[in-house]
Amino acid sequence: MLAQSGVGLTQILVVVLYLLVVVYLGWLGYSRTKTATDYLVAGRKIHPFVMAMSYGATFISTSAIVGFGGVAGLFGMSVLWLTFCNIFVGIFIAFVVLAPPARRMGHRLDAHTFPELLGRRYESKFVQVFAGLVIFLFIPLYAAAVLIGGCEFISTQFNIDYNVALLVFSVIIAAYVVMGGLKGVMYSDALQGSIMFLGMLILLIFTYAKLGGVTRAHTRLTDLAPLVPGSLQSIGHRGWTAMPAFGFGDPKYNLWWIVISTITLGVGIGVLAQPQLVVRFMTVKSRRELNRAVAVGGVFIIIMTGVAFTVGSLSNAYLANYGDPMTGRVAKMLDEDKGLAVLQIMTKNDAGVWTEVEGKMAPVKLFEGELDAAAQEAGIRTGRSISVVYAGGSADQIIPTYITKAMPTWFGLLFLLTLLAAAMSTLSSQFHAVGTSIGRDVYEQLTERHEHSIIVNRTGIIIGIIIAMLWSYYARGGYIIARATAIFFGLCASAFLPAFIGGLFWKRITRPAAIASMVAGFVVTAFWLLFVKAAEAGDIGLVQKLTGGQRSILANSHNWPVVDPLVVALPVSVIVAVVVSLLTKPPSQEHMSRCFK
Amino acid sequence: MFGIEDKYVSLAYLLCIASSLLCVVYGLLNWNRGQEETREEDVRWAQEEKHVEEEL
């Protein structure tokens, strides 16, 4: 199998060498006590570069690069609003506003997980167990998004079956987790962050250089607007450098609601209540380290998601100008001056006769290809198409396809390391959260015993990995990576954000209010995913039984079936937190002084 | 602007760069601010965290 694939000895050696270095750093960190905690125990400071790279590598995964980069290839540069949120909300607000009080309160209350922080802030076992269960049950969905992102690239780049890629990738990740990857060794994370930074920086420079510079590249992309497929035009896609049409109450506004409510808000706001990221704040020595990390983090994130989304969009300009030629007859001329048309794809059979490939049409930029006289006589034209066509209709395949077709072979290898690094650093923190949530937050709280906690932790992690693998095996297609990520981020925001921010800044918020807000945020999100949001509800299938075949209970109310749960669930959760707080008895002065001192 | 057709997409492009610069400027201006003494609660927390890590 390997002989038929694109996997060579060099590729295998480089990957093995990289894994050995990561494992060695992990072992070094473990044996010489170099985890973040060790620094804190010893009262020493972590270099801000290491802290920021570690946070960044945990935050950014293959989901952001492959999944959301592919979404940008499909929907265009409007997705850059998410990059703005990633930097302004995910770094600036998170580090400057939330991190200092979260760190201080975590230390005061001796909280070691996100559910524990909430549970102790509200003196509620229910809060901790509920949050622990939500994280344990849903974080594998996000882990699956990360796994799929890595496997889509490996299968395309090395021409191997997706399921083989999934198996190999999962084994590598599981081995890394078992061999100490969960301990949050800062230097391993920093190495992974640095590789990611280098890989994405080269990708950006290479792409702009190939397309003639920044402005020229964007102009070439703008010129392709007529090539937007009809199915996307009908939901408001107006070109890869334009915002989707805005409005409400008509299917032609669907894309705006997908880009802004699901892609931008779901992930952009949800980052503030990510359990695996909040814990990172507690491991720093002082506010000074956080201040310094803001500078490094701001640059890191723009080079990650900013580059992925820009290059994802620009892949259309590259492939429409330099991609593999397609042949066929012009079915519809879109723009005579720019040479843009819809081509009915045709191939020449063994007898030299041109025949239509049934049902295969592609929007193309025409060019004068080398065709023989017979072909010219038959009206055959040559053209190059947009990313999603070369990616076989799957947005998740756009970035892998672009890297394979546009970038030199050596870069494919560097990009593989970039994605391995991105996946390993994020997955290790996700499985860390899985283990602690089921062990410390659920099992220990419910049984009030500690002795079997280690077994529960580890069993939880194994179950988490298996569930993530199963998700990755069964859930493919569309832009599933971005959707799965957005579901988890949105759920965290709706269920936890009001209780988390209220707990840090508002002394009047009460235990019943936190419980009601978390349950309301969770229930509304679950309801929306089961019955309203067509993409998810339709796949789950419950709503069809209820409505006799419809994919949403609001199928006839335009735009609602594409609105993200967060848009409804977060305001409900905030209102519930405020109203119930004002209606219930304030927490004791004694507890407040323990929390805030 | 920069060959981008739509002003709201141009704005997003600019805001990405501006927010990144904001982070850099903020980080540099506050590079030496916010130093805190390690308190007893910090050390206690770190020791317990070490224990949590060991259990994983």
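Above this text you will find the structure in question.
Residues numbered from 1 in each chain as written. Chains lettered and ligands numbered in written order. Predicted model: local features only at pLDDT ≥ 70, side-chain atom pairs only at ≥ 80, totals over all residues. Heavy atoms only, no water.

A. Local environment of the overall build of chain B. The secondary structure content of chain B amounts to two helices and zero strands. The globule rule puts the C-alpha radius of gyration for 56 residues at 10 Å, and the 21 Å found for chain B is more than 25% above it. Taking the principal axes of the C-alpha coordinates as reference, chain B spans close to 55 × 30 × 10 Å. The 56 residues of chain B split such that 41% are buried. Put simply, chain B has 5 plus and 12 minus side-chain charges, and the middle of one group is 8 Å from the middle of the other. (Helix = DSSP H or I, 4+ residues; strand = E, 2+ residues; numbered from the N terminus. Rg over C-alpha atoms; globule rule 2.2 N^0.38 Å. Buried < 20%, exposed > 50% of the residue type's maximum accessible area, 1.4 Å probe, protein only. Lys, Arg positive; Asp, Glu negative; His and termini not counted. Charge placed at Lys NZ, Arg CZ, Asp CG, Glu CD.)

B. Structural context of the interface of chain B and chain A. If you look at the interface, chain B gives 45 residues, while chain A gives 64 residues. Between chain B and chain A, a total of about 5000 Å² is buried, with carbon and sulfur atoms accounting for 59% of that surface. Applying the counting rule to chain B against chain A returns three salt bridges. For the salt bridge of Arg440 of chain A with Glu48 of chain B, the shortest nitrogen-to-oxygen distance reads 3.2 Å. Taken together, the links from chain B to chain A amount to 22 residue pairs in polar contact (both at pLDDT 80 or more). Sorting the residues of the side of chain B that touches chain A by element identifies helix H1 (7-29) and helix H2 (40-55) of chain B as the ones contributing at least two each. No other element matches the 16 residues that H1 of chain B contributes to the side of chain B that touches chain A. Of the residues assigned to the side of chain B that touches chain A, the class counts are 20 nonpolar, 11 polar and 14 charged. (Contact = heavy atoms within 4.5 Å. Buried area = accessible area lost by both parts, 1.4 Å probe. Salt bridge = Lys/Arg side-chain N within 4 Å of Asp/Glu carboxyl O. Polar contact = N/O pair within 3.5 Å; in protein donor to acceptor, adjacent residues only side chain to side chain. Nonpolar A, V, L, I, M, F, W, Y, C, P; charged D, E, K, R; others polar.)

C. Geometry of unusual backbone geometry. All names here are of chain A. The phi dihedral of Asp110 falls on the positive side, at around 55°, and the residue is not glycine. Among the secondary structure elements, Asp110 is positioned in the loop between helix H5 (80-108) and helix H6 (114-121). Despite not being glycine, Glu448 has its phi angle at roughly 55°, a positive value.

D. The arrangement of the packing of aromatic side chains in detail. All names here are of chain A. For the structure shown, the criterion picks out 28 aromatic pairs over all chains. Residues Tyr473 and Tyr474 carry aromatic rings whose centres are separated by 4.9 Å and whose planes lie at 85° to one another, so their mutual orientation is edge-to-face. The class of Tyr474 is exposed, set by a relative accessible area of 67%. An angle of 45° between the planes, with centres 5.3 Å apart, marks the rings of Phe527 and Phe531 as tilted. You can see Phe527 and its partner Phe531 sitting in helix H21 (residues 511-532), four residues apart, about one turn around the helix. A residue is classified by how much of its surface remains accessible, and Phe527, at 39% relative accessible area, is partly exposed. Judged by its relative accessible area of 16%, Phe531 falls in the buried class. These aromatic residues form a ring-pair network of at least three members: Phe246, Phe248, Trp256, Trp257, Trp528 and Trp560. Here the guanidinium or amino end of Arg121 rests over the ring plane of Tyr122, the centre of that ring lying 5.0 Å away. The cationic tip of Arg384 hangs over the ring face of Phe367; the distance from NZ or CZ to the ring centre is 3.9 Å. (Phe/Tyr/Trp six-rings, centres within 6.5 Å; stacked < 30°, edge-to-face > 60°. Lys NZ or Arg CZ within 6 Å of the ring centre and 35° of its normal.)

E. Up close: helix H4 (residues 62-75) of chain A. Residues and elements named next belong to chain A. Relative to the 20 Å expected for 14 residues at 1.5 Å per residue, H4 spans 19 Å between its end C-alpha atoms, a close match to the ideal helical length. Within H4, 14 of the 14 residues are buried, leaving the element largely enclosed by the surrounding structure. Capping the start of H4 is the job of one residue whose side-chain oxygen sits 3.1 Å from the backbone nitrogen of Ser63: Ser61. Downstream of H4 by a residue or two, Gly76 has a phi angle that is positive, lying close to 105°. (Expected span 1.5 Å × (residues − 1).)

F. Expanded view of the side chain of Asn559 of chain A. All names here are of chain A. You can see Asn559 is positioned in the loop between helix H23 (542-547) and helix H24 (565-583). You can call Asn559 buried: its relative accessible area is 2%. Sequence-distant contacts of Asn559, that is, excluding residues within four places in its chain, are made with Gly247, Phe248, Gly249, Asp250, Pro251, Tyr253, Asn254 and Trp257.

G. Molecular detail of the sheet that holds strand E4 (residues 381-385) of chain A. Residue and element names in this part refer to chain A. On the basis of which strands lie adjacent, the closed barrel formed by four strands has the order E1-E2-E3-E4 and antiparallel pairing. When the angles between neighbouring strand axes are averaged without regard to direction, this sheet yields 50°. Strand contacts of helix H14 (residues 287-322): strand E3 (354-367) and E4, with the helix running at about 160° to E4, the strand carrying the most contacts. (Pairing = 2+ DSSP bridges. Axes fitted to C-alpha atoms, helices over the stretch in contact; angles between N-to-C directions.)

H. Quick peek at the pattern of salt bridges. All names here are of chain A. As enumerated under the stated definition, the model contains 17 salt bridges over all chains in all. A salt bridge links Arg381 to Glu368; its shortest N-O distance comes to 3.9 Å. In this pair, Arg381 is assigned in strand E4 and Glu368 in the loop between E3 and helix H15 (373-377), connecting sequence segments 13 residues apart. Since its relative accessible area comes to 30%, Arg381 is described here as partly exposed. Owing to a relative accessible area of 70%, Glu368 belongs among the exposed residues under this scheme. We note a salt bridge from Glu536 to Lys533, for which the minimum N-O separation is 3.2 Å. Each member of the pair, Glu536 together with Lys533, is buried. Where salt bridges share partners, they join Arg483, Lys533, Glu536, Asp539 and Arg551 into one cluster.

I. Spotlight on the pairing of E3 of chain A. Residues and elements named next belong to chain A. In this sheet, E3 lies alongside strand E2 (residues 340-348) in antiparallel orientation, the contact comprising eight bridges. Paired with Met346 across the strands is Glu356, a residue of E3. The loop that links E2 with its antiparallel partner E3 comprises five residues; one of these, Gly352, has a positive phi angle of about 85°. The pairing of E3 with E4 spans four bridges and is classified as antiparallel. Among the inter-strand pairings, Phe367 is bridged to a residue of E4, identified as Thr382.

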